[in-house]
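Below are the chains, spelled out letter by letter.
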Amino acid sequence: MMAYKSHWWLIITFIISQAVMLTATAQTDSSHKSAFFTSSANEVMKLSKNNNNSVTTTSKKAERITEAAGIISVVTQKEIEAFGALSLVDVLDRLSSIYVLSTYAYPNNMVSIRGDNTAQYNNRVLILLDGRPMRESLFLGENRAIYSMIPLNTIDRIELLKGPGSTLYGTSAFTGAINIITKKGKEARKFDQSISYGAFQRFQTNFSGGISAKDATLSWGLNYVDDKGWDFTAIDENGTTRTIQMLQKGLGGQMKLDYGNFTLQGYYGVNEQATIGNSPQFGSSINRPYDDYRSYSSRLFLDAGYDLRLSSKISNQTNVTYNRYDFRFFYIEANDVSRQAGSNDVLIENTTFLNLGKKNRGNIGRSGQLPPRLRHPTRAQC
């Protein structure tokens, strides 16, 4: 009972949102419930260019999955719910040809596709949010604040491209890309709420919803995690044996505004974790093996896009994307050293899409990235 008291405000939020959700649900058609556990194989095979669920990752335009110029795995919202997944890591780890790895410094940060081991940083797999790159330029792949904190209940489907995607998306898409497609229209406006408490005193709550007025739709989602962690026992490179609690705390929030052909969306995630350390040894030094290590990272993503329809066969899309990354690690008991760094990136992209027939489609695009502003690692007093 004591574990709940620190989260009283979240429980009150849950009760209020449940009342709102029950009122809204009573006015909707409940026929979808009977189809909840149906196989999604037919859904995937029926993906077409006229369907909102068509794949877009291989060419940036909607197309049948059987016509896509690449190997794609699709995870639908029904599958995510059936998995009982708590994070994006849980979803990805169930797919074939892909697995998630951890190191002594970065838990659940490396997604490997087709056996490619990316070591500390996930710099060969690019994360996309509705087709826009969530890329930091310091390490090119420190994605824990996304993998662990992005709200799953805002996701319509996930498209996993297995194979090179750098021609379309640039740096970090060497072995593949993970395209997170968010909900739109009626689905984005549904209120959804969940709260859980379980092993290792893990508390997690998610809620999402949206509103609409005329041609505008505003949707949002929030994910909060407070996990006291499981006991991890290991022997470090100095021969020290120790058990630490792999605690984790974080927050992820997402918001999206659709107005006609204009889209504005953003994501902010922050994640703090306990790990062995920045090197494979416990403590801040061989003489202080019991200093507890904490690793903090945050990601901010903003994108504004406009899709201009010039004709039935020609369209032009312009996007301005901003990514900010911050990280910091420190030893609590030593209270002497803190290393921190980060990056700011702005990407401006303009693409013209030509559709000259079923077998004649092409993209003409130009993109420019402003010189990244790197905040290099520093050492300062905690």
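Structure first, text after, so check above.
Residues numbered from 1 in each chain as written. Predicted model: local features only at pLDDT ≥ 70, side-chain atom pairs only at ≥ 80, totals over all residues. Heavy atoms only, no water.

**Q** Hey, could you go over the overall build of the chain for me, with residue numbers and the actual values?
**A** In terms of helices and strands, the chain carries eight helices and 19 strands. The burial tally for the chain puts 46% of its 382 residues in the buried class. Once local pairs closer than 6 in sequence are excluded, the contacts in the chain between residues at least 24 apart make up 60%. Taken as a whole, the chain presents about 19,100 Å² of accessible surface, with 56% of it coming from carbon and sulfur. (Helix = DSSP H or I, 4+ residues; strand = E, 2+ residues; numbered from the N terminus. Buried < 20%, exposed > 50% of the residue type's maximum accessible area, 1.4 Å probe, protein only. Contact = heavy atoms within 4.5 Å. Areas by Shrake-Rupley, 256 points an atom, 1.4 Å probe, with all protein chains shown as cover.)

**Q** An account of the sheet that holds strand β4 (residues 125–129) is needed here, citing residue identities and associated values.
**A** Pairing is mixed in the open sheet, where five strands are placed in the order β1-β6-β7-β4-β5. Of all the strands in the sheet, the pair left with one neighbour each is β1 (71–76) and β5 (132–133). Relative to β5, β4 is paired through two bridges, and the arrangement is antiparallel. Within β5, the residue paired with L129 across the bridge is R132. (Pairing = 2+ DSSP bridges.)

**Q** Break down the environment of N316 for me, citing the residues and quoting the values.
**A** Along the chain, N316 falls in strand β16 (residues 314–331). Dropping the residues within four chain positions of it, N316 is found in contact with Y306, D307, L308, N350, T351 and T352. Polar contacts involving the side chain of N316 include one to the side chain of N350, which spans 2.9 Å. (Polar contact = N/O pair within 3.5 Å; in protein donor to acceptor, adjacent residues only side chain to side chain.)

**Q** Describe in detail a nonpolar patch on the surface, supporting the description with residues and values.
**A** A surface patch of nonpolar side chains, about 350 Å² in accessible area, is lined by Y306, L308, L310 and I314. By secondary structure assignment, the location of L308 is in strand β15 (residues 293–309). Residue class for L308 comes out partly exposed when judged on its relative accessible area of 36%. (Patch = residues over 30% accessible without salt bridge, like charges linked within 9 Å, V, L, I, M, F, W, Y side chains within 5 Å. Salt bridge = Lys/Arg side-chain N within 4 Å of Asp/Glu carboxyl O.)

**Q** Describe in detail unusual backbone geometry, supporting the description with residues and values.
**A** Across residues other than glycine, the phi torsion is negative in most instances, and most of the peptide bonds are trans. Within the chain, S172 stands out as a residue other than glycine whose phi angle is a positive 85°. Inspection of the secondary structure assignment puts S172 in the loop between α7 (166–169) and β7 (176–182). A relative accessible area of 4% places S172 in the buried class. The phi dihedral of K214 falls on the positive side, at around 55°, and the residue is not glycine. Relative to the helices and strands, K214 is located in the loop between β9 (202–213) and β10 (216–227).

**Q** Please provide a residue-by-residue account of the side chain of E142, values included.
**A** Here E142 lies in the loop between β5 and α6 (144–147). Ignoring anything within four residues of it in the chain, the contact list for E142 reads Y106, N109, Y121, E136, S297, R299, Y325 and F327.

**Q** Lay out the packing of aromatic side chains in plain terms, naming residues and giving numbers.
**A** This model, assessed by the stated rule, comprises eleven aromatic pairs. Taking the centre distance of 6.2 Å and the plane angle of 75° together, the rings of F139 and Y325 count as edge-to-face. Of this pair, F139 sits in the loop between β5 and α6 while Y325 sits in strand β16, and the two are 186 residues apart along the sequence. Neither F139 nor Y325 differs from the other in exposure class; each is buried. Taken together, a centroid distance of 5.7 Å and an interplanar angle of 35° make the contact between Y293 and F329 tilted. On the criterion of sequence distance, the pair formed by Y293 in strand β15 and F329 in strand β16 is long-range, its members being 36 residues apart. Members of the aromatic cluster, each reached through a chain of ring pairs, are Y106, Y121, F139, Y293, Y325, F327, F329 and Y331. For the cation-ring pair, K61 lies above F353, with the distance from its terminal atom to the ring centre recorded as 4.8 Å. Across the ring face of Y296, the terminal group of R328 is positioned such that the distance to the ring centre comes to 5.9 Å. (Phe/Tyr/Trp six-rings, centres within 6.5 Å; stacked < 30°, edge-to-face > 60°. Lys NZ or Arg CZ within 6 Å of the ring centre and 35° of its normal.)

**Q** For the nonpolar core, give the residues involved together with the corresponding values.
**A** General note: in soluble globular proteins, nonpolar side chains tend to be found buried as a group. If you look at the biggest cluster of nonpolar residues, it comprises 29 residues, and the most contacted ones within it are L88, L92, Y147, I158, I178, I180 and Y267. At the level of elements, α5 (88–92), β2 (98–101), β3 (110–113), β4, α6, β6 (155–162) and β7 are the ones that each hand at least two residues to this core. Sorting elements by how many residues they give to this core places α5 first, with four residues. Formed by eleven residues, the second largest nonpolar core is a distinct cluster that contains V55, L128, Y169 and A173. (Core = buried A, V, L, I, M, F, W, Y, C linked by side-chain atoms within 4.5 Å.)

**Q** Lay out the pairing of β6 in plain terms, naming residues and giving numbers.
**A** Regular strands place side chains that alternate from one sheet face to the opposite one. In terms of burial, β6 is largely enclosed, as eight of its eight residues are buried. Pairing between β1 and β6: six bridges, direction antiparallel. Note on β6: the bridge partner recorded for I71 is K162. In this structure, β6 lies alongside β7, joined through seven bridges in antiparallel fashion.

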